[in-house]
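Given next are the chains, with one letter for each unit.
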Amino acid sequence: MSILLLAAAVALAAPELCDDKPVYMVVTGPTHDRGRMQAYAKAIADGGLYQKLGGYYVNSPRALATFEGEPPQGYTTLIVRFPCLANAKAFWYSKEYQEKIRPLRLDPSAGDYIVTVYPEIPPREDLAEKLGENDYRTRFSSDGIEQVSAP
């Protein structure tokens, strides 16, 4: 095996390093079976993946108010902050999530969700000192969390 192929294989097998750029995983869509989604949420909490990877909810999934438009019945938006894209990927592609937790909401579908990830942007200069430090970013690693193959 050539050195380049070996290096590429090692890079694919190694977990990505968490940089200092937090991201938001946004889950949106209508919930069809609230009971199953509650069981799914409990499985996520019981699995401890968010704690291991520094993820946490930044909102309640049900809107407090709607200022424009008419969301479908049961429409949810849930936002999870992770310290970096690598940790969001480590959560999503973990063997535990893909094989044990995610199926709880899929067959049949407990909801029709779109899952996207967005980078956090730095606060305006006048807010920077008011928001505090985000030192939590460096304390979480995906080491030891078994992964499934990502597409």
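Presented here is an overview of the structure given in this document. (Residues numbered from 1 in each chain as written. Predicted model: local features only at pLDDT ≥ 70, side-chain atom pairs only at ≥ 80, totals over all residues. Heavy atoms only, no water.)

### With respect to the side chain of Thr 76
Inspection of the secondary structure assignment puts Thr 76 in strand S3 (residues 75-82). With relative accessibility at 12%, the residue Thr 76 sits in the buried group. The residues touching Thr 76, leaving out its near neighbours within four places in the chain, are Val 27, Thr 28, Gly 29, Thr 31, Pro 61 and Tyr 113. (Helix = DSSP H or I, 4+ residues; strand = E, 2+ residues; numbered from the N terminus. Buried < 20%, exposed > 50% of the residue type's maximum accessible area, 1.4 Å probe, protein only. Contact = heavy atoms within 4.5 Å.)

### Thoughts on the packing of aromatic side chains
Scanning the entire structure with this criterion turns up seven aromatic pairs. With a centroid separation of 5.2 Å and 85° between ring planes, the pair formed by Tyr 50 and Tyr 57 is classed as edge-to-face. Residue classification places Tyr 50 among the buried positions, given a relative accessible area of 9%. Arranged with centres 5.0 Å apart and planes meeting at 40°, the rings of Tyr 50 and Phe 91 form a pair that is tilted. (Phe/Tyr/Trp six-rings, centres within 6.5 Å; stacked < 30°, edge-to-face > 60°.)

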